[in-house]
Amino acid sequence: MLGADLEWFTTLAETENVSAAADRLHLAQPTLSRMLARLERRLGTPLFDRHGKRITLNDNGRLYYEHARRARAELQAAEQAVADRLNPAKGLIRLSFLHSFGSSLAPQLIAEFRRTAGKVDFTLFQGAAEVITRQVLDGEADLALVSPRPSLPGIGWRKLLSQPLVLAVPQDHRLATHRHLRLADLSDAEFITMHQGFGMRRLFDDLCAAADLRPRIAFESSDLMTVSGLIAAGLGIGLIPLESPTPPGITTIPLTDPGATRDVGLIWSPTATPTTPVHLFRTFTTTWSTRHQP
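Residues numbered from 1 in each chain as written. Predicted model: local features only at pLDDT ≥ 70, side-chain atom pairs only at ≥ 80, totals over all residues. Heavy atoms only, no water.

J.: Explain the overall build of the protein to me, and be specific about the residues and the numbers.
T.: A tally of regular secondary structure across the protein gives 9 helices and 11 strands. Over its C-alpha atoms, taken along the principal directions, the protein stretches across nearly 70 × 50 × 35 Å. Burial statistics for the protein: of 294 residues in total, 45% are counted as buried. Within the protein, contacts between residues separated by at least 24 positions form 73% of all contacts whose residues are at least 6 apart in sequence. In the form shown here, the protein has an accessible surface area of approximately 15500 Å², with 53% of it arising from carbon and sulfur atoms. Distance between charge centroids for the protein: 5 Å, based on 32 positive and 30 negative side chains. (Helix = DSSP H or I, 4+ residues; strand = E, 2+ residues; numbered from the N terminus. Buried < 20%, exposed > 50% of the residue type's maximum accessible area, 1.4 Å probe, protein only. Contact = heavy atoms within 4.5 Å. Areas by Shrake-Rupley, 256 points an atom, 1.4 Å probe, with all protein chains shown as cover. Lys, Arg positive; Asp, Glu negative; His and termini not counted. Charge placed at Lys NZ, Arg CZ, Asp CG, Glu CD.)

Structural data, given as structure tokens:
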């Protein structure tokens, strides 16, 4: 497939709606339908199941989409590499990060980097740790800010900082006066956690396993601020990273459990050749982390 073919097919696969995809691509709907029909004839199989006006990828379509998505990312990276070589003073960094890093860490890093490197452009994406790690490995993102360190072997990693994990309880909770606690003492508590696939959930599960605690989960969320809000509303307790300021309506209590911290770091694909801006950003984070170590 050529670059243009990759674009229309991946757009159609991601929207699963011919009309919506045609609008996004600025094509007539019959034109897009004919393009899809030609591709399916060439491959000798349908790629979508039809449900009236709706279409959904079938097994063959999902297989084809995964390859097309990676190929599109490679072409985009190649185009950017050429552009960077022609004009190294400009460039693009595709940076992904956890939702919890969107209010402080990611903006701080970008602002400080641009003060020294000039107006380098950024494309930003927020998501769960597993999602953004896969983006980096598939070439859809150049770098990602994650926590904890991914368990996949060989992926590039640079630790930027370490944050203590604390127990968050409503301000009027019976535990709010404790100076410290351990998870093993909380077997009767109801917890509010992140969904599976998020870094904080992995840390929570690991700490509970080490404490031989089988936690009762009251609520799950994909956003750490929502977790804090549910705790403040008196709906449960939970683990959060110790940051300043403390979210309103909650009290934080230090944990005595070993390993009750989260390492925050930058990851990259070991097989990708970094563009000039990406290389500069990686170098910048080395000096940034040195300045911000306690």
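Further notes follow.
J.: Could you give me a rundown of the nonpolar core, with the residues and numbers involved?
T.: Grouped together as the largest cluster of nonpolar side chains are 34 residues, with contacts concentrated most on Leu 167, Leu 175, Leu 183, Leu 186, Phe 191, Ile 237 and Leu 239. Those residues in contact with Leu 167 that sit more than four places away from it in its chain are Leu 175, Leu 181, Leu 186, Phe 191, Ile 237, Gly 238, Leu 239, Thr 251, Thr 252, Ile 253 and Leu 255. In terms of nonpolar packing, the next biggest core, distinct from the first, is built from 32 residues, Leu 105, Val 120, Leu 143 and Phe 281 among them. (Core = buried A, V, L, I, M, F, W, Y, C linked by side-chain atoms within 4.5 Å.)

J.: Run through helix 7 (residues 199–210), naming residues and quoting values.
T.: If you check helix 7, its first and last C-alpha atoms are 17 Å apart, about what 12 residues at 1.5 Å a residue would give, namely 16 Å. Within helix 7, burial applies to Gly 199, Met 200, Arg 201, Leu 203, Phe 204, Leu 207 and Cys 208. Two residues or fewer past helix 7, Asp 212 is found with a positive phi of approximately 55°. (Expected span 1.5 Å × (residues − 1).)

J.: Let's hear about the packing of aromatic side chains: which residues, and what values?
T.: This structure, assessed with the given rule, holds 9 aromatic pairs. When the ring of Phe 9 is compared with that of Tyr 64, the centres are 5.1 Å apart and the planes differ by 80°; the resulting orientation is edge-to-face. Here Tyr 64 lies in helix 4 (residues 59–86) and Phe 9 lies in helix 1 (residues 3–15), a separation of 55 residues in the sequence. Exposure class is identical for Phe 9 and Tyr 64. Each is buried. Seen in terms of ring centroids, Phe 113 and Phe 284 are 5.6 Å apart; in terms of plane orientation they differ by 55°. Their pairing is tilted. Here Phe 113, found in helix 5 (residues 105–117), pairs with Phe 284, found in helix 9 (residues 276–291); they are 171 residues apart in sequence, far enough to count as distant. With relative accessibility at 2%, the residue Phe 113 sits in the buried group. The ring of Trp 268 carries Arg 282 above its face, with NZ or CZ at 4.0 Å from the centroid. (Phe/Tyr/Trp six-rings, centres within 6.5 Å; stacked < 30°, edge-to-face > 60°. Lys NZ or Arg CZ within 6 Å of the ring centre and 35° of its normal.)

J.: How would you explain the environment of Arg 202 if you had to name every residue and give the values?
T.: Note that Arg 202 resides in helix 7. On a C-alpha basis, the gap between Arg 202 and Pro 148 in space is 8.0 Å, while along the polypeptide they are 54 residues apart. If near-sequence neighbours (up to four positions away) are discounted, Arg 202 is found in contact with Pro 148, Arg 149, Pro 150 and Ser 151. Among the polar contacts made by the side chain of Arg 202, one reaches the main-chain carbonyl oxygen of Arg 149 at a distance of 3.0 Å. (Polar contact = N/O pair within 3.5 Å; in protein donor to acceptor, adjacent residues only side chain to side chain.)

J.: Before we move on, can you summarise the pairing of strand 11 (residues 261–268) with the specific residues and values?
T.: The element strand 11 is extensively covered by neighbouring structure, given that 6 of its 8 residues are classed as buried. The pairing of strand 5 (residues 143–146) with strand 11 spans 3 bridges and is antiparallel. Opposite Ala 144, over in strand 11, you have Ile 267 as the bridge partner. As defined by bridge partners, strand 6 (residues 156–170) adjoins strand 11 across 8 bridges and the pair is classed as antiparallel. (Pairing = 2+ DSSP bridges.)

J.: Requested: an account of the environment of Leu 98, with residues and values cited.
T.: For Leu 98, the location among the structural elements is in the loop between strand 3 (92–97) and helix 5. When the C-alpha atoms of Leu 98 and His 292 are compared, they prove to be 20 Å apart, with 194 residues separating the residues in sequence. Beyond its immediate chain neighbours, meaning those up to four positions away, Leu 98 contacts Gln 126, Gly 127, Ala 128, Ala 129, Ile 132, Leu 145, Val 146, Ser 147 and Arg 262.

J.: Got a sec to walk through unusual backbone geometry? Specific residues and values, please.
T.: A cis geometry characterises the amide bond from Ser 147 onward to Pro 148, with omega recorded as -5°. Along the chain, Pro 148 falls in the loop between strand 5 and strand 6. At His 26, a position not held by glycine, the phi torsion is positive, near 60°. Mapped onto the fold, His 26 is located in the loop between helix 2 (18–25) and helix 3 (29–43).

J.: If you had to explain the pairing of strand 5 to someone new, which residues and values would you point to?
T.: Both faces of strand 5 are covered, namely the face carrying Leu 143 and Leu 145 and the face carrying Ala 144 and Val 146. One ladder, built from 3 bridges, connects strand 3 with strand 5; its direction is parallel. Opposite Ser 96, over in strand 5, you have Ala 144 as the bridge partner.

By themselves, these observations are geometric and do not establish any function.
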